[in-house]
Every structure is written in C-alpha cells, then in structure tokens.
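Fold and geometry: a report
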Amino acid sequence: MTPTVSASGLSLHYGRTRALDDVSLRLTPGVTGLLGPNGAGKTTLLRVLATAVPADRGAFTVLGHDPGTSRGRQEVRRRLGYLPQTPGFHPDFTAFEFVDYVAILKELADRSARHREVRRVLEEVDLGDVRGRRIKKLSGGMRQRVALAAALVGDPGFLVLDEPTVGLDPEQRMRFRELVAGAGEGRTVLLSTHQTEDVAMLCHRVVVMAAGAVRFDGTPAELTARAAGRVWSSGERDPGAKAGWRTGAGTFRNVGDPPPGAELVEPALEDGYLLVLDGADTEVAA
Ligand SMILES: Nc1ncnc2c1ncn2[C@@H]1O[C@H](COP(=O)(O)OP(=O)(O)OP(=O)(O)O)[C@@H](O)[C@H]1O
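The numbers attached to residues start from 1 for each chain and follow its sequence in the written order. Given that the model is predicted, a residue must reach a pLDDT of at least 70 before its local features are reported, and side-chain atom pairs must reach 80 or more before they are shown or counted; all residues, however, enter totals for whole chains, interfaces and linings. Note that the side-chain values use all heavy atoms of the structure and ignore hydrogens as well as water.

- If you check an unreviewed UniProt entry, the protein appears there as ABC transporter ATP-binding protein from Streptomyces ambofaciens.
- UniProt positions are given in the numbering used here, feature names are shortened, and annotations may be inferred rather than shown by experiment. UniProt lists a comment for the protein under the heading Sequence similarities (unreviewed entry), and it reads "Belongs to the ABC transporter superfamily."

This is the structure we're talking about:
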C-alpha cells in the first residue's frame, strides 16, 4: 500500500535541545498511536508533519506532496486536518462560528457550500444541536469535539490529533474514541496520546518515541508481545522487577525479568510500552 505519509531522517533542534532525532516512519490509512513520555518529541513530530514548523534535516511527503516547496506545502495543508494540543478557541465564538472561521482559512470560499460543510462536520461529531452555543458554555468534551470538527473540515486525507483525550472524563473519552475510530475509516490518522488504552482500543499501529527518537514501530499486538513471559504475580514486591505494584486483589504485579518458577500472567500493551522505554534514554539530549 502506498503510504499517506512517508518521512525519513527528520531532526529538529530547539537551541541545544534535540527534540527530533533522525525520525523515519510511514503512515497508512487507519489510526496510528504515538506514545511517549513527556518531552519525548511527540508534539514536535506532529507539528513538523502538520507543516507548522520545518525540520532542520530530513524530508517527508503527504499524499505525494513535498512540503519542502511552497507549492507542496500549500497542497499538504489543503489535505491536512490538525487538532493541536491547545486549540486556539475564541470563547465568544459559537461552535458554528469557530468551525466556519477555520473553513474560511481552509479556502472554502463559497458561502453556502462552506456552511453546508460546517453543518456536516458538526453533525459528524454529534454537535449539530448545539452549533449556536458559545464555546465558553460548552463542556470540555464538547469543546474537543468542536476542535475535531474543525480538523475534519474539507474531508482531509491526513488527520493529526495531539493528545485530544487529555482532561476528558471516561465517558467523554469513550465518545471521543468512537469518533476517532470513525475518522480513521479510510483515512490516515496520527494520534498522540498518553493513554495506552486509547492505543489498545483504536490503533492498527503504534509508534513509541523517547528522547526525540522512535523506539518501537509495530502493531499493538507486537508491542504487547514484547512483555510476553515478563509479567508475573507474587505475594511480595519482587526486588528484581523493573516495575511492580500491588493490585486490587492484594497481590503484586511485576514487570521485568521474572525469577525461575514465577507465576506468569498475561501481558498488557502498557507492560510492553514500559519495557520498550526501560533502558531507552528518555532524557532529551542537550
Ligand atoms: N518551542 C520550543 N522551544 C524550545 N524547546 C522546545 C520547544 N518545544 C518543545 N521543546 C523541547 O523539545 C522536547 C520535545 O518536546 P515535545 O513537546 O515535542 O514533547 P512531547 O512528547 O510532545 O511532550 P508532552 O507529552 O509533554 O506534550 C522537550 O525537551 C521540550 O522541552
């Protein structure tokens, strides 16, 4: 399958901080999760791919267009939906006005076609009924859906979502997940998140970053399999464990190198993630 996004050797420094270190990846339709600790470079990678900031080195294409040229950049932006970490809402705008404003920036010039598109994307995120309500009167979950609607204007082939479920309660998060899953049908979505459940439930692929570099790139099942035979249960915290905690059942769940005869338990995606990060240099080089 021809990848929607193909990136090679992307590097970016902020002063002496290496925020991206030789990142290469290919993205295909479906939802790809981007996991990593704080400061891993996730937002920086999304900003580069969304053409908000240029890389110092490396190159990438989106749907065959090269953002290294001004013409290519324009073509990429026409095909891109971007939900940044802090969407710049004007709180006095209504949901409709905000999405319409984004639609104008996305060059939807014909007023009635644009308004149809704004209504369509607001319906798609289940906000058709509150489109006339001011953003400051909406709940956090609704605001995130307004931001998603804005990102969906013009039916972009590549959707970039930066930690969209932060601060949402479990019900709102579940609802948002459904919408992201729907958005990932037939289009390429890159979703940065701290929630391993988001990845387990939504993603066909997962990329783990630490200290600006890609540490893992594969399916969620492959990430979980990294922890096969490395999670065990014990009555006491095992001193040999890299991570261990008491579960609600009162026993300890340990992740690392089990002692002989350990009572192995089924690994979860989070265990694989912990083991990928273990040993990886998670501090950004200065
Ligand atoms: N505009 C900037 N100026 C200077 N340093 C920056 C800037 N943006 C990011 N950095 C640094 O680059 C590194 C990567 O940051 P980035 O925000 O991409 O990480 P992240 O994985 O998105 O983290 P988080 O999960 O906390 O959002 C960090 O060390 C950060 O402090």
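Having seen the structure, we can now continue with the description.
With respect to the overall build of the protein
- Under the scheme used here, helices are H or I runs from DSSP no shorter than 4 residues and strands are E runs no shorter than 2 residues, and both carry numbers assigned from the N terminus. When helices and strands are counted, the protein shows nine helices and 13 strands.
- Buried residues in the protein amount to 48% of all 286 residues.
- Contacts in the protein between residues at least 24 apart in sequence constitute 66% of all its contacts with a sequence separation of at least 6.
- When the accessible surface of the protein is totalled, it reaches about 13600 Å², and 48% of it is carbon and sulfur.
- Distance between charge centres in the protein, computed from 36 positive and 36 negative side chains, equals 6 Å. Exposure is judged per residue with a 1.4 Å probe applied to protein chains only, and the accessible area is read against the type maximum: over 50% gives exposed, under 20% gives buried, and values in between give partly exposed. For this analysis, residues touch if any pair of their heavy atoms sits within 4.5 Å. In these tables, accessible area is a Shrake-Rupley quantity obtained with a 1.4 Å probe, and a residue counts as shielded only by the protein chains included in the view. Here the positive residues are Lys and Arg and the negative ones are Asp and Glu; neither His nor the chain ends is included. Just so you know, the charge point we use is NZ for Lys, CZ for Arg, CG for Asp and CD for Glu.

Some remarks on the domain arrangement of the protein
- The domain limits used here are those given by an automatic or database domain assignment. By the assigned domains, the protein splits into domain 1 (1-79 + 156-226), domain 2 (88-155) and domain 3 (229-266).
- Here the C-alpha centre of domain 3 lies 33 Å away from the C-alpha centre of domain 1.

Comments concerning the sheet that holds strand 13 (residues 263-264)
- Two strands are said to pair when DSSP picks up at least two bridges between them. Taken in spatial order, the four strands line up as 11-12-10-13 in an open sheet, and their pairing is antiparallel. Two strands bound the open sheet, and with one partner strand each, they are strand 11 (241-246) and strand 13.
- Bridge analysis of strand 11 against strand 12 (residues 252-256) gives five bridges, and the strand direction is antiparallel. Residue Ala243 lies in a different strand from strand 12, and its bridge partner there is Val255.
- Fitted lines through C-alpha atoms serve as axes, helices being fitted only where they are in contact, and the angles separating the N-to-C directions of these axes extend from 0 to 180 degrees. In the packing of helix 9 (residues 269-277) onto the sheet, contacts are made with strand 10 (231-234), strand 11 and strand 12, and the angle to strand 12 comes to roughly 45°.

Brief notes about the sheet that holds strand 6 (residues 158-162)
- Strand order in the open sheet made by the six strands is 5-6-7-3-8-9, with mixed pairing throughout. Strands at the two margins of the open sheet, each flanked by one partner only, are strand 5 (80-83) and strand 9 (213-218). Ignoring which end each strand starts from, the neighbouring axes of this sheet average 15° apart.
- Bridge count for strand 3 (residues 30-35) against strand 7 (residues 188-192) is five bridges, and the pairing is parallel. Each residue of the ladder has a partner; that of Gly30, found in strand 7, is Thr188.
- Against the sheet, helix 9 touches strand 3, strand 8 (205-210) and strand 9, its axis set at about 35° to strand 8.

A closer look at the packing of helix 3 (residues 95-105) against helix 5 (residues 140-152)
- Interhelical geometry of helix 3 versus helix 5 gives an angle of 30° and a closest axis separation of 9 Å. Judged by the inter-axis angle, helix 3 sits roughly parallel to helix 5. At the point where helix 3 passes helix 5, the crossing takes the right-handed sense. Where helix 3 abuts helix 5, its residues Ala95, Phe98, Val99 and Val102 lie against Val146, Ala149 and Ala150.
- Broken down by class, the residue content of the contact of helix 3 with helix 5 amounts to seven nonpolar, no polar and no charged. Oblique is the label for any angle not covered by the other classes, which are roughly parallel (under 35 degrees), roughly antiparallel (over 145) and roughly perpendicular (65 to 115). A clockwise turn of the near helix away from the far one marks a right-handed crossing, whereas an anticlockwise turn of less than a right angle marks a left-handed crossing. Note that Gly is not counted as nonpolar here; it falls among the polar residues with everything else outside the nonpolar set of Ala, Val, Leu, Ile, Met, Phe, Trp, Tyr, Cys and Pro and the charged set of Asp, Glu, Lys and Arg.

Side note on the layout of surface pockets
- A volume near 600 Å³ is recorded for the largest pocket.
- In the cavity and pocket records, a cavity denotes points on a 1 Å grid over the protein atoms alone where a 1.4 Å probe fits but cannot get out, a pocket denotes an open set with protein on both sides within 12 Å along at least 5 of 7 lines, and lining residues are residues with an atom within 4 Å of a point. If you trace the largest pocket, you find 22 residues lining it, with Leu80, Tyr82, Val102, Leu105 and Lys106 closest to the centre.
- Secondary-structure elements contributing two or more residues to the lining of the largest pocket are helix 2 (70-78), strand 5, helix 3 and helix 5.
- Top element by residues in the lining of the largest pocket is helix 3. It accounts for four residues. Grid points are joined across faces, edges and corners, and a volume is the space filled by probe spheres set on the points.

Observations concerning the packing of aromatic side chains
- Here is the rule: rings of Phe, Tyr and Trp (six-membered ring for Trp) pair when centre to centre is within 6.5 Å. Planes less than 30 degrees apart are stacked, more than 60 are edge-to-face, and the remainder are tilted. Considering all chains together, one arrives at one aromatic pair under this definition.
- Ring geometry for Phe93 and Tyr101: centres 5.7 Å apart, planes at 70°, overall edge-to-face.
- With a relative accessible area of 24%, Phe93 lands in the partly exposed category.

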